[in-house]
Amino acid sequence: MRKNILAGNWKMNLSENEAIQLAKEVSEINMSNVEVIIFPPVIYIPSIAKLGLNLKFGAQNFYPKDKGAFTGEISINQLKDAGISYVLIGHSERRTILKEDNEFLKEKVNAALELDIHVIFCCGEELKIREQGVENEFVKSQLEESLFHLTGDQLKNITIAYEPIWAIGTGLTASKEQAEAMHLYIRETLAQKYTKDLAAEISILYGGSCNPSNASELFACPNVDGGLIGGAALKSTDFNSIANSF
Ligand code: PEP
């Protein structure tokens, strides 16, 4: 059966001391029914890895080439050397601010899977797409263009995070009905492309202003298998209480 997952995206926040302290606190969360993964700023990954905590961690970004003249970039093999086992791909901030498109994200997916790094693949629509009533088609095209070239075995190394852009960092959360409807649609789309059994194994996380007061009702939805958390992942008390919402 698929796993409950709680992932914390720390984005470009915290000092090194704060990051180490937060990682220690997060590692004390009771993880009996949830897998917890943190995504710290890349520069703090070696210090966190050295702590040897009982905690999974990943990278927020990488460049999908092995090596070469890509000034300022970091490769997935360099990150793997630093101990990561997860990576975020397709976060809306990278799609919109850094202009990463579906084709480039497909290259990133391939590069990560080649090195056995588990991918949390983010998808989700802007408000104007939802207002036009075409959010399902929009999300489907994100999946088709970046993931649907994968074999079923490869897809098992993907977790999907549905993150409506209008809910990220805005304080607006999708209602449990909106979240469940999209998660169900994503699972049905996976079932059509692959098989029903495989679709049932893939964890689909919700992201977008998830916090201690709305996590329980979101995680109670049958097709919501956890959360990708931004702001509320920066305080261990909030993150801990979200982890206890399953
Ligand atoms: C995110 O950045 O993935 C996210 C969900 O952020 P927030 O929880 O702050 O909306």
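So, a few notes on the structure that sits alongside this text. (Residues numbered from 1 in each chain as written. Predicted model: local features only at pLDDT ≥ 70, side-chain atom pairs only at ≥ 80, totals over all residues. Heavy atoms only, no water.)

## Here we look at the packing of aromatic side chains
Rule in force here: By convention, a stacked pair of Phe, Tyr or Trp rings (six-membered ring in the case of Trp) has centres within 6.5 Å and planes under 30 degrees apart, an edge-to-face pair has planes over 60 apart, and any other such pair is tilted. A run of H or I in DSSP counts as a helix once it spans at least four residues, and a run of E counts as a strand once it spans at least two, with each numbered from the N terminus. Relative accessible area decides the class of each residue, using a 1.4 Å probe on protein chains only: under 20% of the type maximum gives buried, over 50% gives exposed, and in between gives partly exposed.
Scanning all chains against the criterion turns up four aromatic pairs. Taking 5.9 Å as the distance between ring centres and 45 degrees as the angle between the ring planes, the aromatic pair formed by tyrosine 63 and phenylalanine 104 counts as tilted. Of this pair, tyrosine 63 sits in the loop between strand S3 (56-59) and helix H3 (76-81) while phenylalanine 104 sits in helix H5 (residues 102-114), and the two are 41 residues apart along the sequence. Under the relative-accessibility criterion, tyrosine 63 is labelled partly exposed at 23%. Where phenylalanine 148 meets tyrosine 194, the ring centres are 5.8 Å apart and the plane angle is 85 degrees; that geometry is what we call edge-to-face. With a gap of 46 residues between them, phenylalanine 148 in the loop between helix H7 (135-146) and helix H8 (152-155) and tyrosine 194 in the loop between helix H9 (176-193) and helix H10 (196-201) connect regions that are remote in the sequence. A residue is classified by how much of its surface remains accessible, and tyrosine 194, at 15% relative accessible area, is buried. One aromatic cluster in this structure is built from Tyr63, Phe70 and Phe104.

## Let's talk about H9
We count it as follows: Expected helix span is computed as 1.5 Å times (number of residues minus one).
The terminal C-alpha atoms of H9, which comprises 18 residues, lie 26 Å apart, in line with the 26 Å expected from a rise of 1.5 Å per residue. Listing the buried residues of H9 in full gives Ala179, Glu180, Met182, His183, Tyr185, Ile186, Arg187, Thr189 and Leu190.

## Brief notes about the site of the ligand
Selection criterion: If even one non-hydrogen atom of a residue comes within 4 Å of a molecule or strand, that residue is called near it. As used in this structure description, the phrase polar contact means that two N or O atoms lie within 3.5 Å; if the pair is within protein, one of them must be able to donate a hydrogen and the other to accept it, and residues adjacent in sequence are counted only when both atoms belong to side chains. Computed by Shrake-Rupley with a 1.4 Å probe, the accessible areas treat only the displayed protein chains as cover when residues are assessed. Side-chain classes follow a simple rule in which Ala, Val, Leu, Ile, Met, Phe, Trp, Tyr, Cys and Pro form the nonpolar group, Asp, Glu, Lys and Arg form the charged group, and the remainder, Gly included, forms the polar group.
Around the ligand there are 14 residues in total, and Lys11, His91, Glu163, Gly169 and Ser209 lie nearest to it. The contact in question runs from an oxygen atom of the ligand to an N or O atom on the backbone of glycine 230, over 2.8 Å. Taking 290 Å² as the accessible area of the ligand by itself, protein coverage stands at 95%. Of the residues contributing to the shell around the ligand, the split by class is four nonpolar, eight polar and two charged.

## Remarks on the environment of asparagine 214
We apply this condition: It only takes one pair of heavy atoms within 4.5 Å for two residues to be counted as in contact.
Topologically, asparagine 214 is positioned in the loop between strand S7 (204-206) and helix H11 (215-219). In this structure the C-alpha to C-alpha distance between asparagine 214 and alanine 174, which are 40 residues apart in sequence, comes to 9.9 Å. Those residues in contact with asparagine 214 that sit more than four places away from it in its chain are Thr173 and Ser209.

## Remarks on a negative patch on the surface
In plain terms, the rule: Each patch is assembled from residues with relative accessible area greater than 30% and no salt bridge, linking like charges that lie within 9 Å and nonpolar side chains (Val, Leu, Ile, Met, Phe, Trp, Tyr) that lie within 5 Å. Any carboxyl oxygen of Asp or Glu that lies within 4 Å of a side-chain nitrogen of Lys or Arg is treated as forming a salt bridge with it. This count recognises Lys and Arg as positive and Asp and Glu as negative, with His and chain-terminal groups excluded. The atoms used to mark charge sites are NZ of Lys, CZ of Arg, CG of Asp and CD of Glu.
Negative charge collects at one region of the surface, where Asp101, Glu103, Glu144 and Glu145 lie side by side. On the secondary structure map, glutamate 145 appears in helix H7. Overall, the relative accessible area of 42% leaves glutamate 145 in the partly exposed class.

## Here we look at the pattern of salt bridges
Evaluation of the coordinates by the stated rule reveals 13 salt bridges. One salt bridge in this structure joins lysine 3 and glutamate 35, with 2.8 Å as the shortest N-O distance. Separated by 32 residues along the polypeptide, lysine 3 in the segment before strand S1 (5-9) and glutamate 35 in strand S2 (residues 35-39) bring together distant segments of the chain. A relative accessible area of 43% means that lysine 3 is categorised as partly exposed. For glutamate 35, a relative accessible area of 11% puts it in the buried group. The salt bridge partner of glutamate 35 is lysine 56, with a shortest N-O separation of 3.6 Å. With glutamate 35 in strand S2 and lysine 56 in strand S3, this residue pair connects regions lying 21 residues apart in the sequence. By relative accessible area, which is 37% here, lysine 56 ends up partly exposed. Taken together, the salt bridges that share partners define one network made up of Arg2, Arg187 and Asp225.

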